[in-house]
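# Chain and residue survey
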Amino acid sequence: MALFRTYHPQPPLSGFINIFWLYKGYNPPHEMERVFPDGSIEMIINLEENLIKVYDQKNHNRFKSFRGSLISGPRSEFAVIDTACQASTMGVHFKPGGAFPFLKLPANELCNEHVSLETLWGIKADQMREQLIEAKTPLAKFQILEQYLIRMMTGVSEHHPAVVFAISKFQDYPNQWKIADVTARIGLSSRRFIQVFKEEVGLTPKQFSRIQRFQNVLRLIEGGEQVNWIDIALSCGYYDQAHFIHDFRSFSGICPTTYQSLQGKQKNHVPLGQ
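All of the points below concern the structure found in this document. (Residues numbered from 1 in each chain as written. Predicted model: local features only at pLDDT ≥ 70, side-chain atom pairs only at ≥ 80, totals over all residues. Heavy atoms only, no water.)

## Side note on the overall build of the protein
Rules: Secondary structure elements are defined from DSSP: runs of H or I of at least 4 residues count as helices, runs of E of at least 2 residues count as strands, and each element is numbered from the N terminus. Throughout, radius of gyration means the C-alpha value; the globule benchmark is 2.2 Å times the number of residues raised to the power 0.38. The buried label applies to any residue whose accessible area, calculated with a 1.4 Å probe on protein chains only, is under 20% of its type's maximum; exposed applies above 50%, and partly exposed to all values in between.
When helices and strands are tallied, the protein shows 11 helices and 11 strands. Relative to its length of 274 residues, the protein is compact, with a C-alpha radius of gyration of 19 Å against a globular reference of 19 Å. Referenced to the eigenvectors of the C-alpha coordinate spread, the extents of the protein come out at roughly 55 × 45 × 30 Å. Counting the 274 residues in the protein, one finds 50% classified as buried.

## A short note on the pairing of strand β5 (residues 52–55)
Quick reminder of the rule: Here, a strand pair is defined by DSSP locating no fewer than two bridges between the strands.
Of the pairings in the sheet, the one linking β5 to strand β6 (residues 63–66) comprises four bridges and is antiparallel in character. What sits directly across from V54, in β6, is K64. Bridge analysis of β5 against strand β8 (residues 79–82) gives two bridges, and the strand direction is antiparallel. The residue of β8 that forms the bridge with Y55 is V80.

## Thoughts on the sheet that holds strand β9 (residues 88–94)
What counts, and what does not: Orientation is described by lines fitted to C-alpha atoms, with helices fitted over the stretch in contact, and by angles between N-to-C directions that extend from 0 to 180 degrees. Any two residues having at least one pair of non-hydrogen atoms within 4.5 Å are treated as being in contact.
Here six strands make up an open sheet; going across it, the order is β1-β2-β9-β4-β7-β10 and the pairing antiparallel. The sheet terminates laterally at β1 (3–7) and β10 (114–116), the two strands that pair on one side only. Neighbour-to-neighbour, the strand axes of this sheet turn through a mean angle of 20 degrees, independent of strand direction. Along the sheet face, helix α3 (residues 123–134) touches β4 (42–46), β7 (69–72) and β9 and points at about 60 degrees away from the line of β4.

## Examining unusual backbone geometry
For the peptide bond that leads from P11 to P12, omega is 5 degrees, which places it in the cis range. As for its placement among the helices and strands, P12 is situated in the loop between β1 and β2 (17–24). The phi dihedral of K104 is positive, around 65 degrees, even though this residue is not glycine. Among the secondary structure elements, K104 is positioned in the loop between α1 (100–103) and β10.

## Topic: α3
For an α-helix, 3.6 residues make a turn, and residues three or four places apart therefore share a direction. For clarity, the cut-off: Between the first and last residue of a helix there are one fewer steps than residues, each counted as 1.5 Å, and that sum is the expected span. The arc in question is the one spanned by the directions pointing from the helix axis to the C-beta atoms.
With 12 residues, α3 extends 17 Å between its outermost C-alpha atoms, agreeing within 8% with the 16 Å of an ideal straight helix rising 1.5 Å per residue. Turning to α3, its buried residues number three or more, namely A125, M128, R129 and L132. On an axial view of α3, the arc spanned by its buried residues comes to 100 degrees, and they lie on one face. Within α3, the exposed residues directed more than 90 degrees away from the buried face are I123 and E134.

## Side note on the packing of aromatic side chains
Our working definition: Within 6.5 Å between ring centres, the rings of Phe, Tyr and Trp (the latter by its six-membered ring) count as paired, and their orientation is classed by plane angle as stacked under 30 degrees, edge-to-face over 60, tilted in between. Counting as a charge over the ring demands two things of the Lys NZ or Arg CZ atom: a distance within 6 Å of the ring centre and an angle within 35 degrees of the ring normal.
This structure, assessed with the given rule, holds 22 aromatic pairs. Between the aromatic rings of Y55 and F63, the centroid separation amounts to 5.4 Å while the plane-to-plane angle is 55 degrees, which identifies the pairing as tilted. According to the relative accessible area criterion, F63 is partly exposed, its value standing at 38%. Ring centres 5.6 Å apart and planes at 80 degrees place the aromatic pair F165 and W177 in the edge-to-face group. Highlighted residues: F165 in helix α5 (residues 161–172) and W177 in the loop between α5 and α6 (179–186), separated in sequence by 12 residues. Judged by its relative accessible area of 16%, W177 is buried. Over the face of the ring belonging to Y148 we find R151, whose NZ or CZ atom lies 4.4 Å from the ring centre. If you follow R213 out to its NZ or CZ, it ends over the ring of Y238, 4.2 Å from the centre.

## A look at the side chain of S69
Take S69: it is sitting in strand β7. Judged by its relative accessible area of 3%, S69 is buried. Apart from residues lying up to four places away in sequence, S69 is in contact with I44, I45, I52, S116, L117 and R129.

## Some points on the pattern of salt bridges
To be explicit about the condition: For this analysis, a salt bridge means a side-chain nitrogen from Lys or Arg found within 4 Å of a carboxyl oxygen belonging to Asp or Glu.
With the rule as written, the count across this model stands at five salt bridges. The closest approach of N and O atoms between R67 and E118, which form a salt bridge, is 2.8 Å. Within this pair, whereas R67 is found in the loop between β6 and β7, its partner E118 is found in helix α2 (residues 117–121), the two being separated by 51 residues in sequence. Residues R213 and D247 are paired through a salt bridge, measuring 3.4 Å at the closest nitrogen-oxygen approach. Of the two residues, R213 is situated in helix α8 (residues 205–221) and D247 in helix α10 (residues 241–252); the sequence distance between them amounts to 34 residues. Judged by its relative accessible area of 9%, R213 falls in the buried class. Assessed through its relative accessible area of 3%, D247 is described here as buried.

## Brief notes about α8
Here α8 contains 17 residues, and its C-alpha end-to-end distance of 25 Å stays within 8% of the 24 Å for a straight helix at 1.5 Å per residue. Summarising burial for α8: 12 of the 17 residues are buried, a large majority. Those residues of α8 not exposed but buried are P205, F208, S209, I211, Q212, R213, F214, Q215, N216, V217, L218 and I221. Here the buried face of α8 lies against α5, α6, α7 (190–201), α9 (229–235), α10 and α11 (256–262). Two residues or fewer past α8, G223 is found with a positive phi of approximately 75 degrees.

Dropping the structure here:
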């Protein structure tokens, strides 16, 4: 029987993390999935095999292998993952800009990259995974993960106010706020703002804003059988339908109508398809 659980960590982690999640016994009928960018960073831990595969976008015979646990950096494009690793997996979905206290390096160094957690945490990554495997209940696993993350927080654990302000505006009004609008309100030069934003979030403000607009499209069409794509494009701030389709393809690798036919229970995960 499939098991899916989520857990909301307590402060101080709640300021940086959306949820912990746990899958067990999930065997999808497809071998690979596209994972779309949402502006955040993900930690993934395989509790069964000591292996996670991430495939080349164009040549699915090529892949990178990671031992046990990895960090999926902020993305400006989709990734292709091996769904076999979802049979018993848990992880951390960080808020946008929320992973920097746990990384010990600027988040932009992980842009469009997957990195072994062992590379960043050393032996503690393996120790945590072993304890997670041994824990008997979902709650016990979540509590172990919570304790490790608290211990791994660095002393620099406060967001730059300009980043907090910009993330809020780009998420709430993705088709309205521009970089010039933000810099006019925060008292930083455009160059300095872009630098600070990249170091905490891992993407440029422009990339992040475009991704939030793309995510807004996914929310609007979720579960809808009849979609007026022209209305969607214009309401989300695209110049025209061609601009909309180009942006959608750049983030997902597929056209909007194909996504609609493939979408499943998870908004940002679809079978690889065509």
